[in-house]
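Structure at a glance
Listed below, chain by chain, are the residues.
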Amino acid sequence: MAEREYGFDTLQIHAGARPDPSTGARQVPIYQNTAYVFRDADHAAALFNLQEVGYIYSRLTNPTVSALQERVAALEGGVGAVACSSGHAAQILSLFPLMNPGSNFISSNRLYGGTITQFGQTFKRFGWECRFVDLEDTAAIQNAIDENTKAIFCESIANPGGYITDLEKIGKLASDAGLPLIVDNTSATPYLCRPFEWGATQVVHSTTKYLSGNGTSMGGIVVDSGKFDWVAAGKHPSMTEPEPAYHGLKFAETFGPLAYTFHGIAIGLRDLGSCQAPMNAFQTLLGIETLSLRMERHCANAKKVAEWLSKHKDVEYVSYAGLDDSPYADRAKKYTPKGAGGLFTFGVKGGYESCVKLVDSVEIFSHLANLGDARSLIIHSASTTHRQLTPEQQSAAGAGPEVVRLSIGIEDPDDLIADLEQGLAKATGGASG
Ligand SMILES: *Cc1c(COP(=O)(O)O)cnc(C)c1O
């Protein structure tokens, strides 16, 4: 059959999966397995020299994890992917081939709270400097770039403030500066947004969220577009210079568009060790089979609940790019035309105290630190995920004291509205009425 470009709904079920050659099993088997027998000594040598692709040891490659890598790469329109143990591991792996002690990278200041801490505090101990900037301020981005800058990082839909990054603008800026643009596409998923179409060169995900979809499995993944020209940029010695641990092999020269993916496995997973468990890859593959269906429902429900909240007397504002009066409504139409996701924040009258009462009063919503689950979730960021940050950082991240974040699930939206209605009545005691 002639090569045909399959649609998203076909790829989410079939990419990376084929009937098991030895048994005919239709679903991807869980290869709960550590090591793989070599055909002979020559085969072993070729694998260890990276002259042949195959399985050696599951810290580097595992067939169930490979199926997940292939599937997510297909959904993002990338050439390859490296799955790993969590979204935070994916962020380290994505930067690891690019950075050295003394290097810096530019990051949006609108990020998942845990990412701000990882970038701003922990990375310092590797000698990696993160320069946080407001991506709306083009001059600030340009001023922050110097000869030691190795990448730009942002989220497509920024968690938790409902902010949508102007990916085309940032993509152009990165390209003009000869820098890779790494986009965390966790909140949008490849169904709603495809960063490679706007100039991103790498995408990272916490697969823990919408991709697995049921709150069962931690995981992360780094996807490469294959489009960044490492040799022309000349800024990333790990990609272009001889690699001592592989007899002086040069990744960019040897592997071309697959260089970054191969480096992520052969050096990143091998030495950082943050491999994904086969069972988690299997659960995530199952989740991805229904990704488009779930995202449509997440978006429709979120819009309905956000519209209802925006008219509620105890609600100060709702920050959801899917609302027509959002400052990001135009960007949502451009970058996430099928919907602005299932995640948004709103401000509760009465501030911190009311928010804490609200999260304790809801019954269907679960009060916990996660997002992208089939069930609806609620969290007050200032008392939980963002409590390690300074008040300025909290506000910059859209997580001030009055802010509650909802991750809207795929339940009956009228039940979600009824739950919030009774919760808000208890939280504010009608005081603002
Ligand atoms: C959850 C999350 C992360 C971190 O992922 P883990 O799987 O929890 O390590 C990073 N970025 C975003 C946008 C997230 O939502």
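The rules behind each value
Residues numbered from 1 in each chain as written. Predicted model: local features only at pLDDT ≥ 70, side-chain atom pairs only at ≥ 80, totals over all residues. Heavy atoms only, no water. UniProt positions renumbered as here; feature names shortened; annotations may be inferred. Near = heavy atom within 4 Å. Polar contact = N/O pair within 3.5 Å; in protein donor to acceptor, adjacent residues only side chain to side chain. Areas by Shrake-Rupley, 256 points an atom, 1.4 Å probe, with all protein chains shown as cover. Helix = DSSP H or I, 4+ residues; strand = E, 2+ residues; numbered from the N terminus. Nonpolar A, V, L, I, M, F, W, Y, C, P; charged D, E, K, R; others polar. 1 Å grid on protein atoms, 1.4 Å probe; cavity = no way out; pocket = protein on both sides within 12 Å on 5 of 7 lines; lining within 4 Å. Points joined across faces, edges and corners; volume = space filled by probe spheres on them. Axes fitted to C-alpha atoms, helices over the stretch in contact; angles between N-to-C directions. Parallel < 35°, antiparallel > 145°, perpendicular 65-115°, else oblique. Left-handed = near helix turned anticlockwise from the far one by under 90°. Contact = heavy atoms within 4.5 Å. Buried < 20%, exposed > 50% of the residue type's maximum accessible area, 1.4 Å probe, protein only. Arc of directions from axis to C-beta. Phe/Tyr/Trp six-rings, centres within 6.5 Å; stacked < 30°, edge-to-face > 60°. Lys NZ or Arg CZ within 6 Å of the ring centre and 35° of its normal. Core = buried A, V, L, I, M, F, W, Y, C linked by side-chain atoms within 4.5 Å. Domains from an automatic or database assignment. Pairing = 2+ DSSP bridges.

Under the annotation held in an unreviewed UniProt entry, the chain carries the name Aminotransferase class I/II-fold pyridoxal phosphate-dependent enzyme and is attributed to Pikeienuella piscinae. Quoted verbatim from the Cofactor (unreviewed entry) heading of the UniProt record, the comment on the chain is "pyridoxal 5'-phosphate". As stated in UniProt under Sequence similarities (unreviewed entry), the record for the chain gives "Belongs to the trans-sulfuration enzymes family."

**A short note on the site of the ligand**
Inspection of the region around the ligand gives 16 residues, with Gly 87, Asp 184, Ser 206, Thr 208 and Lys 209 positioned closest. In this structure, an oxygen atom belonging to the ligand sits 2.9 Å away from a main-chain N or O atom of His 88. Contacts to the ligand include Thr 208, whose side-chain N or O atom sits 2.7 Å from an oxygen atom. Computed on the free molecule, the ligand has an accessible area of 380 Å², of which 94% lies beneath the protein chains in the complex. The leading source of residues in the shell around the ligand is helix α4 (residues 87–95), at 3 residues. Residues of the shell around the ligand, tallied by class, amount to 3 nonpolar, 10 polar and 3 charged.

**Comments concerning the layout of surface pockets**
For the largest pocket, the calculated volume is near 660 Å³. In this structure, the largest pocket is lined by 28 residues; those nearest its centre are Val 53, Gly 54, Thr 61, Phe 262 and Ile 265. Looking at the lining of the largest pocket, the elements that each hand over two or more residues are α2 (41–48), α3 (63–76), β1 (80–84) and α12 (259–272). Examining the composition of the lining of the largest pocket, we find that 5 residues originate from one element, α12, more than from any other. Here the residues of the lining of the largest pocket sort into 17 nonpolar, 8 polar and 3 charged.

**Let's talk about the packing of α4 against helix α5 (residues 113–120)**
Packing of α4 against α5 brings their axes to within 11 Å, and their N-to-C directions diverge by 40 degrees. Taken together, the axes of α4 and α5 are oblique relative to one another. Where α4 crosses over α5, the handedness of that crossing is right-handed. Judged by residue contacts, His 88, Gln 91, Ile 92 and Leu 95 of α4 engage Gly 114, Thr 115, Gln 118 and Phe 119 from α5. In terms of residue class, the contact of α4 with α5 is made up of 3 nonpolar, 5 polar and no charged.

**Some remarks on helix α7 (residues 167–176)**
The set of residues buried in α7 consists of Leu 167, Ile 170, Gly 171, Leu 173 and Ala 174. One face of α7 carries all of its buried residues, which in axial projection span an arc of 165 degrees. Exposed and oriented more than 90 degrees from the buried face of α7 are Lys 172, Ser 175 and Asp 176. Elements in contact with the buried residues of α7: α6 (138–144), β4 (149–155), β7 (181–184) and α15 (329–335). Of the residues one or two after α7, Gly 178 is the one with positive phi, at around 70 degrees.

**Focus on the packing of aromatic side chains**
Under the definition given, this model contains 18 aromatic pairs. For the pair Trp 198 and Tyr 335, a centre-to-centre distance of 4.8 Å together with 80 degrees between the ring planes defines the contact as edge-to-face. Of this pair, Trp 198 sits in the loop between α8 (189–192) and β8 (202–206) while Tyr 335 is found in helix α15, placing the two residues 137 residues apart along the sequence. With relative accessibility at 2%, the residue Tyr 335 sits in the buried group. Within the aromatic cluster, the residues linked to one another by ring pairs are Phe 105, Phe 119, Phe 123, Phe 126, Trp 128 and Phe 153. One residue, Lys 209, lies across the ring of Tyr 112, its end atom 4.8 Å from the ring centre.

**Considerations on the nonpolar core**
Core analysis: the largest hydrophobic core is formed by 78 residues, its most contacted members being Val 305, Leu 309, Val 318, Phe 344, Phe 346, Leu 358 and Leu 406. If you tally residues by element for this core, the top one is helix α14 (residues 291–310), at 7 residues. Each of domain 1 (8–287) and domain 2 (292–428) accounts for three or more of the residues forming this core. Apart from the residues lying within four places of it in its own chain, the contact partners of Phe 346 are Leu 309, Val 315, Tyr 317, Val 318, Leu 358, Glu 402, Val 403, Val 404, Leu 406 and Leu 424. Counting 38 residues, the second-largest nonpolar core is a separate cluster that includes Phe 119, Phe 123, Ile 182 and Phe 255.

**Observations concerning the sheet that holds strand β14 (residues 403–407)**
One open sheet accounts for 5 strands, arranged β10-β11-β14-β13-β12; its pairing is mixed. Sheet topology places β10 (315–319) and β12 (366–367) at the edges, where each strand pairs with a single neighbour. Taken together, the 2 bridges between β12 and strand β13 (residues 377–379) define a ladder with parallel strand orientation. Counterpart to Ser 366 in the pairing with β13 is Leu 377. Sheet strands in contact with helix α16 (residues 351–361) are β11 (343–348), β12, β13 and β14, and its direction is about 125 degrees off that of β11.

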